[in-house]
Amino acid sequence: MEKVILSKLSKEELCDYIINLGEKKFRAEQIFSWIWAKNASSFSDMTDVKKEFREFLNENCQIIDCKIKQKQVSKDGTIKYLVEYSDGLCAECVLMRFDNRSNLSVCISCQVGCKMGCRFCATGKNGFKRNLSAHEIVSQILLIQNDTNLKITNVVFMGQGEPLDNFENIKKAIYLINKNLQISIRRMTLSTCGIAPKIKELANNELVPTLAISLHAPNHQIRQCIMPIEKKYNIDELKSALIEFNKKTKDRITIEYILIGGLNDTKECALQLIEFLKDIKCNINLIPYNPVCDD
């Protein structure tokens, strides 16, 4: 018999499931709290739930339905995870620590692979497999919290995949992260290569994360050489969407710009970038180029 994945259930659905098993509503609230607030990695952790019921849950349910396939820990405490889902496909997520601060950020994936094909990105070279569901996206955070027994405070949608190409699941994931994990929307950042219509749609969402744009070029000619998205939504359409986003949200946008020697790092490029951004309320994040093998 297929096990019930409890983290897939809303609080209301979990209550219905537990009540149908003959238990009281408060039991569902206990279990919900253990999953979302107390980092329970197994049912044996749920010490205020009676032993017999914990044994039943262990036989018939799972908390999450993904697992750590590989884990790499760097000297600075950063941890990279390769997460395997029930169909055997994998995505990466990363726990980041900065200067021993209490804030813990996690970079999570929204797709297995990516369709966008940016020339400087390794993920796109492996092709696109599928979208991750909202539950699968959020499960990356639960898995890291279970593994480290640490509370994540900041979330960045900057892992594998293009978030706005999986828009409905991203919206649901943002809602779950905010409501169930109690992480403020002000502590979430979404990075996109520039799907202009979805940027406008995101600005009208109930929960709007900080927006980061993978720009990486100051003009159409250079951008189309390294980012295929430019051929569908050109840099002028992108600028219009960013100005609209500014007006709607009043929020500052982060502009991500990888410096590629001899291509987009000239003085002329810098002047063009200034001209392009002069009407946009933004910060600029300059990123050193990390070469990607073409093999």
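Residues numbered from 1 in each chain as written. Predicted model: local features only at pLDDT ≥ 70, side-chain atom pairs only at ≥ 80, totals over all residues. Heavy atoms only, no water.

Participant: When you look at the pairing of strand S10 (residues 188-192) in this model, what are you seeing that I'm missing?
Facilitator: Within a regular strand, the side chains alternate between the two sheet faces. Among the five residues in S10, five count as buried, and that is most of the element. Neither face of S10 is exposed, since Met188, Leu190 and Thr192 on one face and Thr189 and Ser191 on the opposite face are all buried. Here strand S9 (residues 154-157) runs beside S10; their pairing, made up of three bridges, is parallel. Its bridge partner lying in S10, Val155 is registered against Met188. Each parallel crossover has a hand, and for S9 linked through helix H5 (residues 167-179) to S10 it is right-handed. Here S10 pairs with strand S11 (residues 210-214) via four bridges, running parallel. Bridge pairing in S11 places Ser191 opposite Ala212. (Buried < 20%, exposed > 50% of the residue type's maximum accessible area, 1.4 Å probe, protein only. Helix = DSSP H or I, 4+ residues; strand = E, 2+ residues; numbered from the N terminus. Pairing = 2+ DSSP bridges. Right-handed = clockwise from strand over helix to strand, strands pointing away.)

Participant: Would you take a moment to explain helix H6 (residues 196-203) for this structure?
Facilitator: A turn of α-helix holds 3.6 residues, and therefore any two residues three or four places apart point the same way. When we look at burial in H6, the residues that qualify are Ala196, Ile199, Leu202 and Ala203. Looking straight down H6, one finds that the buried residues subtend no more than 115° of arc, so they occupy a single side. Where H6 is buried, its residues touch H5, S10, S11 and helix H8 (235-249). (Arc of directions from axis to C-beta. Contact = heavy atoms within 4.5 Å.)

Participant: Got a minute to help me understand the side chain of Glu256 in this structure?
Facilitator: Relative to the elements of secondary structure, Glu256 occurs in strand S12 (residues 253-259). Buried within the structure, Glu256 lacks any salt-bridge partner; Arg223 is the closest side chain of opposite charge, at an N-O distance of 8.8 Å. Within the structure, the side chain of Glu256 is placed 3.0 Å from the side chain of Ser214, a separation counted as a polar contact. Contacts of Glu256, omitting those with residues within four sequence positions, involve Met158, Ser191, Ala212, Ile213, Ser214, Leu215, His216, Asn285 and Ile287. (Lys, Arg positive; Asp, Glu negative; His and termini not counted. Salt bridge = Lys/Arg side-chain N within 4 Å of Asp/Glu carboxyl O. Polar contact = N/O pair within 3.5 Å; in protein donor to acceptor, adjacent residues only side chain to side chain.)

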